[in-house]
Amino acid sequence: MEKVVSLAKRKGFVFQSSEIYGGLNGCWDYGPLGVELLRNIKEEWWKAMTYRDDVEGLDAAILMHPRVWEASGHVENFTDPMIDCKSCKARFRLDTLAEQISDKKKEKILKEFAAELTDNEKAELDAVLSSDESLSDKFTALLENKNLSEKLLAHTNCPNCGTKGQFTEPRSFNLMFKTFIGPVESNDNVVYLRPETAQGIFVNFLNVQSASRQKLPFGIAQIGKAFRNEINTKNFLFRTREFEQMEMQYFVKPGEDKKHYDAWKERRMQWYIDLGMSPDNLRFHDHPQDKLAHYAKEATDIEFLFPFGWGEIEGIHNRTDFDLSRHEEYSGKSMKYFDDQTKEKYIPYIIETSAGASRGFMAFLINAYDEEEVNGEKRTVLRFHPKLAPIKAAIFPLVNKDGMPEIAREIEKDLRPFFRVFYDDKGAIGRRYRRQDENGTPYCITVDTQTLEDGTVTVRERDSMAQERIHKSELMNYLAEKLK
RNA sequence: GCGGGCGUAACUCAGUUGGUAGAGUGUCAGCUUCCCAAGCUGAAUGUCGCGGGUUCGAGUCCCGUCGCCCGCUCCA
């Protein structure tokens, strides 16, 4: 991990944000090679997702009407009230605390707790207890009840150290960044930096559908930044507060959702494999039914094996008709699709594929990183798929004389309009090859003595280090073929 | 948010009981070089993360702060 972070900085893939001021927690900048890699990843995603007759593109604004986030559930649910045990410093989410206490213990706590309530409070308690929820859910409901939580917590033991009544007050963390429209900072003009790009797609569902004359099933794809004010950032680019998403929302007829969910799940996994990710480093993590988010019927993560363990790089969710129904409810505008085949009107189900561009970047970088021994020397090489490699080809004169630099410059000039190429005449040839290996450049083109005679050059392939001779006039086709 | 570790040149690191900084790699220039980090010569670069304090004097000791890594927690 440190090796990759260090290489990333040294070669210009990733720098820490605002480094000269001591850095900004969890924010990173993409350097010259990094931005190429990131753009290539996004470009490949865009091609895979929108060069289809059933998917349209979109680029929605980062700022949206605040009601969007009420409809989406983010204002209400995008918070996790937390409490800390003052005794052992353990931290708990209020809504999962009850699960960690035995039922027997809960009953005992409730009994003690009930004894010191006022009549009004008692009435609230009875209302909760008379529901037919499980004991854990009732307990959670009480903890989340503003009037009762303090007294209940006073009787509750820490699941970690057993100490009673040493909890801090519940503190809420809203994970959305707030800002203000216009110069006045008042509650009337609060807006949020979007915590996901998906909502920009949902609210434009009918706009895109009618403008593009699409029929179900069809999808809308979007790439863009999203922001979450995470409590703590972690693991280089993995958990950051500002990140980029590549999302596609596929609108389908209810009842056909399972079929499309399964199809997209396989398609998205294959995308990573086709771009050179080792299948050994990839897996699905299906969410168990009881852990699903409020909007999802079925969900899986595509996970990559990072140095710190398996981590999600893409989520595929069956979001049902939750989002569009909510927007219909909150906006008062119909979100229904008219199916002119069956003459039915309904709210479509949505299959979401939501990939993290920054996480994908990190995964592709780590997946590509390799060290091997060549002639007793360590060779560091980034084995990117040629489509993702920041630089596609490097061009070298073998030595700086006999007209070789001139020919090499000509080749550079011919290729540059079509490929990201790099010219280098500094130092020994071996050093130049190795430098390009560290950048992940798949092909190195070298002009040598034979070039002067017959116009052929050597092309050295990064992974095998094997060379082949081809005529310089064939280079364009050669590279185009390799990058197809 | 808690606990632990770390922060010195672009990178990896050294720096003796406090006396205002070094190495290797890399980079740059020149020579050499006909294919995998070769060789020779020369050069540039640090307010030692930041801010205070102790001291005649702090990279070194103390406090605070910021950042990174690891573990816990968390991850709608």
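In short, a report on the structure. (Residues numbered from 1 in each chain as written. Chains lettered and ligands numbered in written order. Predicted model: local features only at pLDDT ≥ 70, side-chain atom pairs only at ≥ 80, totals over all residues. Heavy atoms only, no water.)

### Let's talk about the overall build of chain A
At step 1: For chain A, the count of helices and strands is 18 helices and 22 strands.
At step 2: On the principal axes, the C-alpha backbone points of chain A span a range of 100 × 60 × 50 Å.
At step 3: By the burial criterion, 50% of the 484 residues in chain A qualify as buried.
At step 4: The contacts of chain A with a sequence gap of at least 6 include a subset with a gap of at least 24, amounting to 64%.
At step 5: The positive charge centre, built from 70 side chains, and the negative charge centre, built from 80, are 2 Å apart in chain A. (Helix = DSSP H or I, 4+ residues; strand = E, 2+ residues; numbered from the N terminus. Buried < 20%, exposed > 50% of the residue type's maximum accessible area, 1.4 Å probe, protein only. Contact = heavy atoms within 4.5 Å. Lys, Arg positive; Asp, Glu negative; His and termini not counted. Charge placed at Lys NZ, Arg CZ, Asp CG, Glu CD.)

### Some remarks on a negative patch on the surface
At step 1: Residues Glu-99, Asp-132, Glu-133, Asp-137 and Asp-290 make up a contiguous surface patch of negative charge.
At step 2: Residue placement: Glu-133 occurs in the loop between α7 (119-129) and α8 (135-143).
At step 3: In this structure Glu-133 comes out as partly exposed when scored by relative accessible area, which is 44%. (Patch = residues over 30% accessible without salt bridge, like charges linked within 9 Å, V, L, I, M, F, W, Y side chains within 5 Å. Areas by Shrake-Rupley, 256 points an atom, 1.4 Å probe, with all protein chains shown as cover. Salt bridge = Lys/Arg side-chain N within 4 Å of Asp/Glu carboxyl O.)

### Notes on the sheet that holds strand β21 (residues 456-461)
At step 1: Strand order in this open sheet of 5 strands is β19-β18-β20-β21-β22, and the pairing throughout is mixed. Each edge of the open sheet is held by one strand with a lone partner, namely β19 (421-423) and β22 (467-471). The mean angle between the axes of side-by-side strands here comes to 25°, regardless of whether they run parallel or antiparallel.
At step 2: Two elements, strand β18 (residues 393-397) and β19, share 3 bridges in a ladder whose sense is parallel. Bridging across to β19, Ala-394 finds its partner in Phe-422.
At step 3: Sitting on the sheet, helix α16 (residues 429-439) is in contact with β18, β19, β20 (443-447), β21 and β22, with an inclination near 170° to β18. (Pairing = 2+ DSSP bridges. Axes fitted to C-alpha atoms, helices over the stretch in contact; angles between N-to-C directions.)

### Observations concerning the protein's contact with RNA strand B
At step 1: As a structural note, the neighbourhood of RNA strand B is formed by 49 residues, with Arg-93, Arg-228, Arg-239, Arg-435 and Thr-449 the closest of them.
At step 2: Within 4 Å of the protein, atoms of RNA strand B come from sugar and phosphate in 60% of cases.
At step 3: Here Asp-402 contributes a side-chain N or O atom positioned 3.5 Å from a base nitrogen of RNA strand B.
At step 4: Within the residue set of the surface near RNA strand B, elements represented by two or more residues are α1 (2-10), α4 (74-77), β5 (91-93), α16 and β21. (Near = heavy atom within 4 Å. Polar contact = N/O pair within 3.5 Å; in protein donor to acceptor, adjacent residues only side chain to side chain.)

### Remarks on the environment of Phe-361
At step 1: Here Phe-361 is to be found in helix α14 (residues 357-368).
At step 2: Residue class for Phe-361 comes out buried when judged on its relative accessible area of 0%.
At step 3: Considered as a pair, Phe-361 and Leu-415 are 54 residues apart in the sequence and their alpha carbons are 26 Å apart.

### Observations regarding the nonpolar core
At step 1: Phe-13, Trp-45, Tyr-272, Ile-313 and Phe-361 are the most contacted members of the largest nonpolar core, which totals 51 residues.
At step 2: Of all the elements, α14 adds the most residues to this core, at 8 residues.
At step 3: Filtering out sequence-adjacent residues up to four positions away, Phe-361 remains in contact with Phe-13, Val-14, Tyr-30, Gly-34, Leu-37, Leu-38, Ile-41 and Leu-237.
At step 4: Residues Ile-83, Leu-94, Leu-125 and Leu-142 belong to the second largest nonpolar core, which totals 21 residues. (Core = buried A, V, L, I, M, F, W, Y, C linked by side-chain atoms within 4.5 Å.)

### A look at the sheet that holds strand β9 (residues 242-252)
Sheets are built from strands that pair by backbone hydrogen bonding, the pairs being arranged parallel or antiparallel.
At step 1: As summarised here, the arrangement of the 7 strands in space is β3-β8-β9-β15-β12-β11-β10, forming an open sheet in which the pairing is mixed. Because the sheet does not close on itself, it has two edges, and the strands there are β3 (55-57) and β10 (282-286). Neighbour-to-neighbour, the strand axes of the sheet open up by a mean angle of 25°, direction not taken into account.
At step 2: On the sheet, helix α11 (residues 205-212) packs against β3, β8 (218-227) and β9 and is oriented at approximately 135° with respect to β8.
At step 3: The sheet contacts of α14 involve β9, β11 (298-306), β12 (309-320) and β15 (349-356), and relative to β11 the element is tilted by about 40°.

### Some thoughts on the packing of helix α2 (residues 32-50) against helix α12 (residues 257-274)
At step 1: Between α2 and α12, whose axes approach to 12 Å, the crossing angle comes to 145°. In this structure, the crossing between α2 and α12 has a hand that is right-handed. Contacts between α2 and α12 involve Ile-41, Glu-44, Trp-45, Ala-48 and Met-49 on the former and, on the latter, Trp-264, Arg-268 and Trp-271.
At step 2: Of the residues belonging to the contact of α2 with α12, the class tally is 6 nonpolar, no polar and 2 charged. (Left-handed = near helix turned anticlockwise from the far one by under 90°. Nonpolar A, V, L, I, M, F, W, Y, C, P; charged D, E, K, R; others polar.)

### Structural notes on the pattern of salt bridges
At step 1: The tally for this structure, following the rule as stated, stands at 36 salt bridges.
At step 2: Residue Arg-67 pairs with Glu-70 through a salt bridge whose shortest N-O separation is 3.2 Å. Residue Arg-67 and its partner Glu-70 are located together in helix α3 (residues 66-71), separated by 3 residues, close to a single helical turn.
At step 3: A salt bridge links Asp-323 to Arg-319, with the nearest nitrogen and oxygen atoms 2.8 Å apart.

### What about helix α18 (residues 475-482)?
At step 1: Along α18, the residues classified as buried are Leu-475, Tyr-478 and Leu-479. The arc that holds the buried residues of α18, viewed along the axis, is 90°, so those residues lie on one side.
At step 2: Among the structural elements, β18, α15 (404-415), β20, β21 and β22 are those in contact with the buried residues of α18. (Arc of directions from axis to C-beta.)

### Here we look at the packing of aromatic side chains
At step 1: Evaluated as defined, the whole model comprises 19 aromatic pairs.
At step 2: Plain terms: the ring middles of Phe-13 and Phe-384 are 6.2 Å apart, the flat faces sit at 50° to each other, and that makes the pair tilted. With Phe-13 in the loop between α1 and β1 (14-16) and Phe-384 in the loop between β17 (377-382) and β18, the pair connects residues that are 371 residues apart, well separated along the chain.
At step 3: Centroid distance Tyr-30 to Phe-361: 4.8 Å. Interplanar angle 80°. Geometry classified as edge-to-face. A residue pair is termed long-range when its members are at least 10 positions apart, and Tyr-30 in strand β2 (residues 28-30) and Phe-361 in helix α14 qualify at 331 residues.
At step 4: Judged by relative accessible area, which is 26%, Tyr-30 ranks as partly exposed.
At step 5: Arg-267 extends its terminal NZ or CZ atom over the ring of Trp-264, reaching a point 4.2 Å from the ring centre.
At step 6: Over the face of the ring belonging to Tyr-423 we find Arg-409, whose NZ or CZ atom lies 3.6 Å from the ring centre. (Phe/Tyr/Trp six-rings, centres within 6.5 Å; stacked < 30°, edge-to-face > 60°. Lys NZ or Arg CZ within 6 Å of the ring centre and 35° of its normal.)

In short, shape yes, function no, at least from these values alone.
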